[in-house]
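# Observations on chain architecture
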Amino acid sequence: MDSLFDVAEGGENREERLAELARQVSVCTRCDLALNRTNTVFGTGDPYSPLMLVGEGPGENEDATGLPFVGRAGKLLDDILKAVNLTRDDVYLTNTVKCRAAQPEGGRMKNRPPRAGEINACNIYLAGQREAIRPRIILCLGGPAAKTIIDKDFRITKDRGKWYEVGGALAMATFHPAYVLRQRDDDLVRAKRAVWKDVQAVYAEYQKALEARG
Ligand code: URA
Ligand code: SF4
């Protein structure tokens, strides 16, 4: 049993380790994203899943609710998971940064990609989540997650869909759902096809991991 093993090893279970990390995140001021956040967005799902999904960072909707992937990109993510009969409850879902990155534009705050310094500052929490959960498979959603988890020079268009060994896990990156949503016509068809292909490969490894666990 994973939970008994964890109790023997570290005196606490995964839920408790994650709850403690989430508590630290909720009061974190390690980077300037702390200044404008409404809520931190730590992560959701099954801490015993063999599959962790890592997105970029919270947007406006996530900042408002404290939950990852609740906007349009989240709806597409649900459809992608559904294509292989998974729901977000079957996986653990988090992001490279736990606070919304935004900048003023035309009188309101617009989402922007997190900066390398922000991702680096926040990586202690993502590393903590990876240590607590020890997922067999990590699916990076988009370039920032892939650069954080797989290789700093990762090129999403060239290297997506490939498997990498990273610290005891198998990692792959695919296009971010928000990127897919920005494509039109042939580009949209191509991007969707690529993501669907990638998620099938991920699902095959997910099944293997479940079988190996018995
Ligand atoms: N995009 C992300 O990368 N993460 C979220 O949580 C929501 C949108
Ligand atoms: Fe802390 Fe991460 Fe939020 Fe920056 S993004 S304040 S490092 S929790």
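Residues numbered from 1 in each chain as written. Chains lettered and ligands numbered in written order. Predicted model: local features only at pLDDT ≥ 70, side-chain atom pairs only at ≥ 80, totals over all residues. Heavy atoms only, no water.

## Quick word on the site of ligand 2
The line we're drawing: Being near a molecule or strand, for a residue, means having at least one of its heavy atoms within 4 Å of it. Two kinds of site are reported from a 1 Å grid over the protein atoms alone, namely cavities, where a 1.4 Å probe fits but cannot get out, and pockets, open sets with protein on both sides within 12 Å along at least five of seven lines, and residues are called lining when an atom falls within 4 Å of a point. If over half the atoms of a molecule are within 2 Å of the grid points of a cavity or pocket, the molecule is regarded as sitting in it. Numbering of helices and strands starts at the N terminus; helices are DSSP runs of H or I of at least 4 residues and strands are runs of E of at least 2. Residues are grouped as follows: Ala, Val, Leu, Ile, Met, Phe, Trp, Tyr, Cys and Pro are nonpolar; Asp, Glu, Lys and Arg are charged; all remaining types, including Gly, are polar.
With respect to spatial proximity, the complete set of residues near ligand 2 consists of Val25, Cys28, Arg30, Cys31, Leu33, Ala34, Arg37, Lys98, Cys99, Ala121, Cys122 and Tyr125. In this structure, ligand 2 is accommodated by the largest cavity. By residue number, the principal contributor to the shell around ligand 2 is helix H5 (residues 116–133), which donates three residues. The residue makeup of the shell around ligand 2, split by class, is nine nonpolar, no polar and three charged.

## A word on the site of ligand 1
So the rule is basically this: N or O atoms within 3.5 Å of each other form a polar contact, as long as, within protein, one can give a hydrogen and the other can take it, and as long as residues adjacent in sequence are counted only when both atoms are side-chain atoms. A 1.4 Å probe and the Shrake-Rupley method give the accessible areas. Residues count as covered only by the protein chains that appear here.
Close to ligand 1 lie Gly55, Glu56, Gly57, Glu62, Pro68, Phe69, Asn95 and His176. At 2.7 Å, a backbone N or O of glutamate 56 approaches an oxygen atom of ligand 1. Measuring from a nitrogen atom of ligand 1, one finds a side-chain N or O atom of asparagine 95 at 2.7 Å. Protein chains shield 92% of the accessible area of ligand 1, which is 230 Å² for the free molecule. Given that more than half its atoms are within 2 Å of the pocket grid, ligand 1 belongs to the largest pocket. Of the residues assigned to the shell around ligand 1, the class counts are two nonpolar, four polar and two charged.

## Description of the pattern of salt bridges
Two side chains bearing opposite charge may form a pair once their charged atoms approach each other closely. For clarity, the cut-off: Salt bridges are counted wherever a side-chain nitrogen of Lys or Arg sits within 4 Å of a carboxyl oxygen of Asp or Glu. Only protein chains enter the area calculation, which uses a 1.4 Å probe; residues under 20% of their type maximum are buried, those over 50% are exposed, and those in between are partly exposed.
Counted under the stated rule, the structure contains 12 salt bridges. The shortest N-O distance in the salt bridge between lysine 158 and aspartate 159 comes to 3.4 Å. Ionic pairing is found between lysine 162 and aspartate 159, a salt bridge with its closest N-O pair at 3.0 Å. Residue class for aspartate 159 comes out buried when judged on its relative accessible area of 9%. Residues joined by salt bridges that share partners form a network here, namely Arg112, Arg115 and Glu118.

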